[in-house]
There are 2 protein chains.
Amino acid sequence: MRKVAVIGIGQTPVSEHWDKSLKELAGEAVFAAMLDAGRNTADGLFVGNMMSGSLNRQGNLGTLISDWVGLHKIEAVKIEAACGSGGSAFRSGLIAVASGEMDSAIVVGVEKMTDAKPAETTAALAAAADADWEAAQGLSFVAINALVMRRYMHEYGWRHTDFALFSIAAHANAANNPNARLQFAITEADYQKARMVAEPINLLDASPIGDGAAAVFLVPLDNLNTTISRRVYPGITVVGSASATDSIAVHDRKDPTWLSAAELSAKKAYSQAGLSPAEIDFFELHDAFSIMSALSLEACGFADRGSGPRLGCDGEIFRNGRIPIATMGGLKARGHPVGATGIYQIVEVVQQLRGQAGANQIEGTRIGMAQNIGGSGATIVTHILRTE
Amino acid sequence: MRKVAVIGIGQTPVSEHWDKSLKELAGEAVFAAMLDAGRNTADGLFVGNMMSGSLNRQGNLGTLISDWVGLHKIEAVKIEAACGSGGSAFRSGLIAVASGEMDSAIVVGVEKMTDAKPAETTAALAAAADADWEAAQGLSFVAINALVMRRYMHEYGWRHTDFALFSIAAHANAANNPNARLQFAITEADYQKARMVAEPINLLDASPIGDGAAAVFLVPLDNLNTTISRRVYPGITVVGSASATDSIAVHDRKDPTWLSAAELSAKKAYSQAGLSPAEIDFFELHDAFSIMSALSLEACGFADRGSGPRLGCDGEIFRNGRIPIATMGGLKARGHPVGATGIYQIVEVVQQLRGQAGANQIEGTRIGMAQNIGGSGATIVTHILRTE
């Protein structure tokens with residue numbers, strides 16, 4: 001397989017885009033990525049999206065978007081893996097280019113969630129869980145995560161307030177990201193007094209939904225020197241890519257507080273990249289809920305089992321810490337337009353590696369990891385990118 | 001890229017499976033394909049499905065099904081391209097195995113449509129069209145095809161009854177297929193007096209919806225000699241695979257009666273296989289409506305432009321004709337469980353190439369083609385399979 005480089009990125013702000021349709025949002029991100037890459041066509045388009053069929057009454061997004069952006073006739077397809085749709089779509093595009101099946105691919109993640117009634121959006125999100133045994137029992141997606149968080153607190157003795165730093169760090173970073181949904185910092189007092197959603201998860205433990213799209217442009221590494229971005233940025237290649245699954249229902253797991261699919265996909269990606277967790281400079285993790293930050297850090301080898309919140313309490317997740325996370329705000333504060341999130345993560349890794357992260361720039365960073373999760377730990381896709 | 005062989009197939013009957021859930025249907029087909037292949041695990045699972053989010057309130061089918069069939073931890077993902085989801089999923093699995101990213105893959109197409117109210121199903125199907133400019137104008141999916149058929153009849157002077165043989169041939173074949181939804185023959189008189197759906201499309205021009213699942217097991221060709229099926233069946237390899245797109249809305253096309261994406265993907269597949277249309281023994285085409293049979297035969301080089309119905313009238317589409325189509329009943333009479341259809345087509349090609357087609361067996365066949373269409377000609381995926 002050929003090595004693959006990311007030569008273009010694009011994103012819309014995560015917001016309530018009531019004036020833009022699904023395809024318009026996707027188009028904005030695709031055009032931005034093409035402009036950034038200096039390319040006016042691609043061999044294939046891969047779309048990450050979860051809910052267009054239920055919330056937007058629109059299927060076949062691959063062709064809808066390729067048609068809309070004027071990439072007529074090219075191969076186009078949509079990939080869905082619940083909240084892990086973006087990362088899964090990136091992996092599909094990556095395999096297509098790495099294998100030689102295509103010489104270029106655009107991957108766009110898009111979701112438009114805020115036009116629907118909140119109850120409709122909540123029901124559509126619950127489709128990420130087991131419809132028969134979780135959603136049908138009245139468990140919303142946040143309720144499932146609340147059960148996991150409560151169990152984790154019980155097992156390891158953490159208090160709710162010990163998770164505050166995950167949200168504080170994400171909001172601090174989002175305050176400097178013009179594309180973030182919640183561009184404001186929060187304090188520990190804010191966190192403690194936030195409205196309860198599903199105990200123990202309160203409003204500042206949970207990521208906001210949103211409308212948004214993010215896109216990347218992929219080419220084989222040996223094409224890199226012919227690209228415009230080559231003159232400006234370091235070459236950025238994908239050195240690890242893996243996906244793994246767990247049971248879809250949390251109650252079917254031996255230990256609901258351990259993300260075995262994160263462990264498995266991260267280990268595969270480390271092995272491909274020839275890297276250990278110690279060599280990862282920063283980690284765009286899937287902080288849909290603050291508990292997920294703790295679990296992801298543990299499963300990927302950055303913290304011992306049961307000790308994830310310690311990294312937050314010790315400040316190691318901030319920009320100058322051992323393992324910065326959510327460096328542009330994460331799901332928590334950049335926002336979580338579900339099927340787009342996995343591509344926002346990749347775009348943000350590239351922003352850091354290129355030195356485009358503004359006030360959030362990590363100095364001298366060369367290796368970044370992104371991890372996208374579909375369902376409550378059911379489908380987990382890990383990517384490692386590095387500068388040449 | 002490595003050559004890939006199909007070593008296992010499985011399918012459920014297409015029916016109203018009110019007693020089986022989406023994952024149970026998929027599981028039946030997956031287990032049948034694994035049993036047929038003599039394998040008890042695979043590296044990846046690719047699911048073709050269009051409407052589970054809207055009709056079944058269930059997303060993340062990749063992991064849902066891999067979990068259900070006990071293929072824990074493996075990579076799993078869902079691919080959606082409207083009615084072309086099955087063919088697109090097959091192509092994703094094929095690329096994963098051909099590239100060396102995986103050493104085996106199961107591809108399953110599944111759709112469960114008959115539990116919902118008819119109006120819900122019709123609305124969900126309309127998501128395959130352009131939601132803003134087609135569905136929003138009140139155009140159902142059958143209405144769009146009716147406009148195309150009317151235009152075609154006007155352009156080329158065909159009468160409605162000239163399309164009868166497409167439906168008669170499909171039903172004749174379905175009568176011998178225990179997995180078909182409509183296991184009965186029809187006459188020209190039946191066709192002419194059938195109830196009108198959207199003029200000129202009547203009930204016997206249109207394929208029925210249904211619940212069903214079909215699955216295939218893929219391995220690299222160099223693995224073939226280690227398989228159980230090797231002892232019984234000829235090796236069957238995929239020699240052509242391509243996907244192309246057109247505008248999603250029919251009104252955006254220069255000629256709404258020409259399937260340019262079918263032409264493009266078929267030409268690519270022929271080129272990869274080193275074959276011409278004359279060398280294709282039979283063609284599992286996407287006869288969602290009788291007009292689509294005519295258009296597909298023309299775009300793929302089996303008939304001149306505007307002359308597709310002639311192949312029907314001349315009997316060339318029957319088992320002993322020049323280019324048999326819908327050999328196990330096609331969408332028209334085997335049934336069209338949308339996201340599963342593309343995999344049913346591949347399964348049926350393999351049945352023919354193995355000599356397992358029973359009363360519908362084409363003698364001495366060695367090369368079969370399957371073409372799956374998403375939307376009204378928007379996304380078209382072509383595969384050519386042959387015996388060694």
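These numbers come from a predicted model, not from an experiment.

Caption draft 1: Just the overall build of chain A, in detail. Within chain A one finds 13 helices and 11 strands. What you see for chain A is a C-alpha radius of gyration of 19 Å, in line with the 21 Å of a compact globule of 388 residues. C-alpha atoms of chain A, sized along the principal axes, occupy 55 × 45 × 35 Å. Counting contacts in chain A only where the partners sit at least 6 residues apart, residues at least 24 apart contribute 79% of the total. Only carbon and sulfur atoms are counted for the fraction: they give 51% of the accessible area of chain A, which is about 12,300 Å². Charged side chains in chain A number 32 positive and 40 negative. The centres of these two groups are separated by 2 Å.

Caption draft 2: Spotlight on the interface of chain A and chain B. Residue-level contacts link 53 residues of chain A with 53 residues of chain B. With both chains or domains summed, chain A and chain B bury close to 4,000 Å², and 48% of this area falls on carbon and sulfur atoms. Linking chain A with chain B are eight salt bridges. Two residues, Arg-91 of chain A and Glu-75 of chain B, come together in a salt bridge whose shortest N-O distance is 2.6 Å. Where chain A meets chain B, there are 26 residue pairs in polar contact (both at pLDDT 80 or more). The set of elements that each furnish at least two residues to the side of chain A that touches chain B consists of helix H2 (52–55), helix H3 (61–68), strand S3 (75–80), helix H4 (85–98), helix H5 (118–126) and strand S8 (236–245) of chain A. Tallying contributions element by element places S3 of chain A first for the side of chain A that touches chain B, with six residues.

Caption draft 3: Structural detail: the pattern of salt bridges. Considering all chains together, one arrives at 36 salt bridges over all chains under this definition. The closest approach of N and O atoms between Asp-103 of chain B and Arg-2 of chain B, which form a salt bridge, is 3.1 Å. In this pair, Asp-103 of chain B sits in the loop between helix H4 (85–98) and strand S4 (105–111) while Arg-2 of chain B sits in the segment before strand S1 (4–11), placing the two residues 101 residues apart along the sequence. Of the residues examined, Arg-2 of chain B reaches a relative accessible area of 27% and is grouped as partly exposed. Overlapping salt bridges bring together Lys-23 of chain A together with Asp-130 and Asp-132 of chain B as one network.

Caption draft 4: Structural context of the side chain of His-17 of chain B. Mapped onto the elements of the fold, His-17 of chain B is located in the loop between S1 and helix H1 (22–37). Not counting residues up to four positions away in its chain, the partners in contact with His-17 of chain B are Thr-12, Leu-25, Lys-112, Thr-114 and Asp-211 of chain B.

Caption draft 5: Local environment of helix H6 (residues 141–156) of chain B. Residue and element names in this part refer to chain B. Its 16 residues give H6 an end-to-end C-alpha distance of 23 Å, which sits within 8% of 22 Å, the value for a rise of 1.5 Å per residue. For H6, every residue scored as buried is listed here: Phe-141, Val-142, Ala-143, Ile-144, Asn-145, Ala-146, Val-148, Met-149, Tyr-152 and Met-153. Lining the buried residues of H6 we find helix H5 (118–126), strand S5 (196–198), strand S6 (201–202), helix H10 (290–299) and helix H11 (308–313). Looking one or two places after H6, you find Gly-157, whose phi comes out positive at around 80°.

Caption draft 6: Quick look at the side chain of Thr-237 of chain A. All names here are of chain A. Inspection of the secondary structure puts Thr-237 in strand S8. A relative accessible area of 6% means that Thr-237 is categorised as buried. Setting aside chain neighbours within four positions, we find Thr-237 in contact with Val-4, Ala-5, Leu-221, Ile-384, Leu-385 and Arg-386.

Caption draft 7: Seen up close, the packing of aromatic side chains. All names here are of chain A. Scanning the entire structure with this criterion turns up six aromatic pairs over all chains. Taking 5.1 Å as the distance between ring centres and 55° as the angle between the ring planes, the aromatic pair formed by Tyr-152 and Tyr-156 counts as tilted. With Tyr-152 and Tyr-156 both in helix H6 (residues 141–156) and four residues apart, the pair spans about one turn of that helix. Take Tyr-152: its relative accessible area is 0%, and that puts it in the buried class.

Caption draft 8: How the structure looks around the nonpolar core. Membership of the largest hydrophobic core comes to 77 residues, with the highest contact counts inside it found for Phe-163, Leu-297, Phe-302 and Ile-384 of chain B. Per-element tally for this core: the top contributor is H6 of chain B, with eight residues. Counting residues in each nonpolar core, the second largest holds 76 residues, with Leu-125, Ala-146, Ala-198 and Ile-201 of chain A among its members.

Caption draft 9: Summary view of the relation of the copies chain A and chain B. Mapping chain A onto chain B calls for a screw motion: a turn of 180° about the axis and a shift of 0.0 Å along it, with 0.0 Å RMSD after fitting. The operation mapping one copy onto its partner corresponds to a two-fold rotation axis. The residues that chain A uses at the interface reappear at the interface of chain B in 100% of cases, marking a shared surface.

Caption draft 10: Molecular detail of H1 of chain B. Residues and elements named next belong to chain B. A rise of 1.5 Å per residue sets the reference length of H1, with its 16 residues, at 22 Å; its end C-alpha atoms lie 23 Å apart and thus fit the reference within 8%. Among all positions in H1, only Leu-22, Lys-23, Leu-25, Ala-26, Gly-27, Ala-29, Val-30, Ala-33, Met-34, Asp-36 and Ala-37 are buried. Looking one or two residues past H1, Gly-38 carries a phi angle of roughly 70°, positive in sign.

Caption draft 11: Summary view of the state of the cysteines. Residue and element names in this part refer to chain B. Going through the model one piece at a time under the given rule, you end up with zero disulfides over all chains. For the unlinked cysteine Cys-83, the closest cysteine sulfur is that of Cys-300, found at 17 Å. On the basis of relative accessibility, which here comes to 3%, the residue Cys-83 falls in the buried class. Unpaired in terms of disulfides, Cys-313 finds its nearest cysteine sulfur in Cys-300, a separation of 19 Å.

Caption draft 12: Quick look at the environment of Ala-96 of chain A. Residue and element names in this part refer to chain A. Structurally, Ala-96 can be placed in helix H4. Through-space distance from the C-alpha of Ala-96 to that of Asp-43 is 9.7 Å; in sequence the pair is 53 residues apart. Excluding residues within four positions of it along the chain, Ala-96 makes contact with Phe-46, Glu-101 and Met-102.

Caption draft 13: Summary view of the pairing of strand S11 (residues 379–387) of chain A. Residue and element names in this part refer to chain A. Taking burial as the measure, the nine residues of S11 include eight buried ones, the bulk of the element. Inspection of the sheet shows S8 paired to S11 by nine bridges, in the antiparallel sense. Residue pairing in the sheet places Thr-245 in a bridge with Thr-379 of S11. One ladder, built from eight bridges, connects strand S10 (residues 367–374) with S11; its direction is antiparallel. Following the sheet pairing, Gly-368 is matched in S11 by Leu-385.

Caption draft 14: How the structure looks around unusual backbone geometry. Pro-200 of chain A follows Glu-199 of chain A through a cis peptide bond whose omega is 5°. The phi dihedral of Ala-82 of chain A is positive, around 55°, even though this residue is not glycine. For Ala-82 of chain A, the location among the structural elements is in the loop between S3 and H4. In this structure, Asn-60 of chain B is a non-glycine residue whose phi angle is positive, near 50°. Among the secondary structure elements, Asn-60 of chain B is positioned in the loop between helix H2 (52–55) and helix H3 (61–68).

Caption draft 15: The environment of Phe-289 of chain B, seen in detail. Residue and element names in this part refer to chain B. Within the secondary structure layout, Phe-289 lies in the loop between strand S9 (282–284) and H10. The class of Phe-289 is buried, set by a relative accessible area of 8%. As for Phe-289 and Leu-203, which are separated by 86 residues in sequence, their C-alpha atoms are 9.5 Å apart. Phe-289 has contacts with Phe-141, Val-142, Asn-145, Ile-201, Asp-205 and Ala-206, leaving out every residue within four places of it along the chain.

Cut-offs used in this document
Residues numbered from 1 in each chain as written. Chains lettered and ligands numbered in written order. Predicted model: local features only at pLDDT ≥ 70, side-chain atom pairs only at ≥ 80, totals over all residues. Heavy atoms only, no water. Helix = DSSP H or I, 4+ residues; strand = E, 2+ residues; numbered from the N terminus. Rg over C-alpha atoms; globule rule 2.2 N^0.38 Å. Contact = heavy atoms within 4.5 Å. Areas by Shrake-Rupley, 256 points an atom, 1.4 Å probe, with all protein chains shown as cover. Lys, Arg positive; Asp, Glu negative; His and termini not counted. Charge placed at Lys NZ, Arg CZ, Asp CG, Glu CD. Buried area = accessible area lost by both parts, 1.4 Å probe. Salt bridge = Lys/Arg side-chain N within 4 Å of Asp/Glu carboxyl O. Polar contact = N/O pair within 3.5 Å; in protein donor to acceptor, adjacent residues only side chain to side chain. Buried < 20%, exposed > 50% of the residue type's maximum accessible area, 1.4 Å probe, protein only. Expected span 1.5 Å × (residues − 1). Phe/Tyr/Trp six-rings, centres within 6.5 Å; stacked < 30°, edge-to-face > 60°. Core = buried A, V, L, I, M, F, W, Y, C linked by side-chain atoms within 4.5 Å. Least-squares fit on C-alpha atoms with pLDDT ≥ 70 in both. Disulfide = S-S within 2.5 Å. Pairing = 2+ DSSP bridges.

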